[in-house]
Amino acid sequence: MNPSGLLEPFIVATDRALRAVFAPARAIAAPTLEPAIPLDEADRALSASLMRVNHAGEIAAQALYHGQSMFARHARTRALLLQAAREETEHLAWCETRLRELQAGPSKLVPLWYAGSFGIGALAASFGDAVSLGFVAETERQVEGHLDDHLRRLPEPDRRSRAIIQRMQADEVDHGRRAESAGAVALPGPARALMRAVSRVMTRVAARI
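In this numbering scheme, every chain counts its residues from 1 along its sequence in written order. At least 70 in pLDDT is required for a residue's local features to be given in this predicted model, at least 80 for side-chain atom pairs to be given and counted, and no such filter applies to totals for whole chains, interfaces and linings, which use all residues. Side-chain calculation: all heavy atoms of the structure are included, whereas hydrogens and water are not.

## Structural notes on the packing of helix α4 (residues 110-126) against helix α5 (residues 129-153)
Point 1. For every element, the axis is a line fit to its C-alpha atoms; helices are fit only across the contacting stretch, and the angle between N-to-C directions ranges from 0 to 180 degrees. Only DSSP runs of H or I with at least four residues qualify as helices, and only runs of E with at least two residues qualify as strands; both kinds are numbered from the N terminus onward. At their nearest, the axes of α4 and α5 sit 6 Å apart, and the two run at 135° to each other. If you check the angle between α4 and α5, you find them oblique. Residues Ile120, Ala124 and Ala125 of α4 lie in contact with α5, whose contacting residues are Val131, Ser132 and Phe135.
Point 2. Considered class by class, the residues forming the contact of α4 with α5 number five nonpolar, one polar and no charged. An angle below 35 degrees is treated as roughly parallel, one above 145 as roughly antiparallel, one from 65 to 115 as roughly perpendicular, and anything else as oblique. Residue contacts are counted whenever heavy atoms from the two residues lie within 4.5 Å of one another. Ten residue types, Ala, Val, Leu, Ile, Met, Phe, Trp, Tyr, Cys and Pro, are classed as nonpolar, four, Asp, Glu, Lys and Arg, as charged, and the remainder, Gly among them, as polar.

## Structural notes on a nonpolar patch on the surface
Point 1. Within this analysis, patches are made of residues with over 30% relative accessible area and no salt bridge. Like charges are joined at 9 Å or less; nonpolar side chains (Val, Leu, Ile, Met, Phe, Trp, Tyr) at 5 Å or less. The Shrake-Rupley method, run with a 1.4 Å probe sphere, supplies the accessible areas, and residue values consider only the shown protein chains as cover. The salt bridge criterion pairs a side-chain nitrogen of Lys or Arg with a carboxyl oxygen of Asp or Glu, the two atoms within 4 Å. Together, Ile120, Leu194 and Val198 line one region of the surface with nonpolar side chains, adding up to about 260 Å² of accessible area.
Point 2. Examined against the element boundaries, Val198 turns out to sit in helix α7 (residues 189-206).

## Observations regarding a positive patch on the surface
Point 1. Charge counting treats Lys and Arg as positive and Asp and Glu as negative, with His and both chain ends excluded. Lysine's charge is taken at NZ, arginine's at CZ, aspartate's at CG and glutamate's at CD. A surface patch of like charges, here positive, comprises Arg196, Arg200, Arg204 and Arg208.
Point 2. As for its placement among the helices and strands, Arg204 is situated in helix α7.

## A short note on the packing of helix α2 (residues 41-70) against α7
Point 1. Contact geometry for α2 and α7: axes closest at 8 Å, N-to-C directions at 130°. When the interaxial angle is binned, α2 and α7 end up oblique. Taken as a pair, α2 and α7 cross one another with a handedness that is right-handed. Together, Arg52, Val53, Ala56, Gly57 and Ala60 of α2 and Met202, Thr203 and Ala206 of α7 make up the contact between the two elements.
Point 2. The residue inventory of the contact of α2 with α7, partitioned by class, reads five nonpolar, two polar and one charged. When the near helix sits turned anticlockwise from the far one by under a right angle, the crossing is termed left-handed; a clockwise turn instead gives a right-handed crossing.

## Let's talk about the packing of aromatic side chains
Point 1. Planes of paired rings set the category: under 30 degrees apart is stacked, over 60 is edge-to-face and the rest tilted, where pairs are Phe, Tyr or Trp rings (Trp by its six-membered ring) whose centres lie within 6.5 Å. By the definition in use, this model includes one aromatic pair.
Point 2. With a centroid separation of 6.4 Å and 25° between ring planes, the pair formed by Tyr114 and Phe118 is classed as stacked. Remark: Phe118 and Tyr114 occur in helix α4; sequence separation between them is four residues, near one turn of the helix. Each of the two residues, Tyr114 as well as Phe118, counts as buried. Categorising residues by exposure relies on relative accessible area from a 1.4 Å probe, with only protein chains included: less than 20% of the type maximum marks a residue as buried, more than 50% marks it as exposed, and the intermediate range marks it as partly exposed.

## Remarks on the environment of Met195
Point 1. For Met195, the location among the structural elements is in helix α7.
Point 2. Overall, the relative accessible area of 13% leaves Met195 in the buried class.
Point 3. Measuring from C-alpha to C-alpha, the distance between Met195 and Phe135 comes to 9.3 Å, with 60 residues separating the pair along the chain.
Point 4. Residues in contact with Met195, not counting those within four places in the same chain, are Phe135, Glu138, Thr139, Gln142 and Leu187.

## Let's talk about the side chain of His55
Point 1. Tracing the sequence through the fold places His55 in helix α2.
Point 2. Here His55 falls in the buried class, since its relative accessible area comes to 4%.
Point 3. Ignoring sequence-local partners within four residues, the contact set of His55 consists of Leu92, Cys95, Glu96, Leu99, Pro106 and Val110.

## Details of unusual backbone geometry
Point 1. Within the chain, Gln103 stands out as a residue other than glycine whose phi angle is a positive 55°.
Point 2. Its location among the elements puts Gln103 in the loop between α3 (75-101) and α4.

## Concerning the pattern of salt bridges
Point 1. In this structure the tally under the stated criterion is 12 salt bridges.
Point 2. A salt bridge links Arg153 to Asp149; the shortest N-O distance between them is 3.5 Å. With Arg153 and Asp149 both in helix α5, this residue pair falls four residues apart, about one helical turn.
Point 3. The class for Asp149 is partly exposed, based on a relative accessible area of 27%.
Point 4. Among the salt bridges present, the one from Arg178 reaches Asp174, with a minimum N-O distance of 2.7 Å. Within this pair, Arg178 and its partner Asp174 are both found in helix α6 (residues 159-181), separated by four residues, close to a single helical turn.
Point 5. Residue Asp174 is classed as partly exposed on the basis of its relative accessible area of 33%.

Written out as structure tokens, the structure reads:
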């Protein structure tokens, strides 16, 4: 076998990782264009903390999809995962842009979130496509609840962040439905509980660091 053929998946994976972690955000998309109303310091700090967590979550989502797609067993599963990853890049751009508007930055642990999540995605894929898709469906269900909590906690005047989160939430629900339609199997209770525990740790750390 041509050695370049063996290296190509790893070159592609490295390129995706560098783009997700270090590439500058694109302009925010039109559906989220709400007026940026000035916030008092307490509201600004709260919104920034929530959007920092969401940015870290989008980094993790990119990595999960990249890890799962790299080890997917069927082309149709790989295509579904990569399409979802491309859509998540828009979420990442929205969060990054909003953080700048809030005079805040992303988590300092972004490379760690990416590396850890890529490994989790690769592990999920090792159990087969049906389990990997089940992992997607369960992840998106948990993310939907997480975003619901953020919508409740956001300062009322911050309509711009609210619009971003609402659009992200709709997309995450769609990703979960697509995974279910593609043959996802339900994950066992202990696996779902472990996913929630990992998510709580990441959320608490990303909000501060």
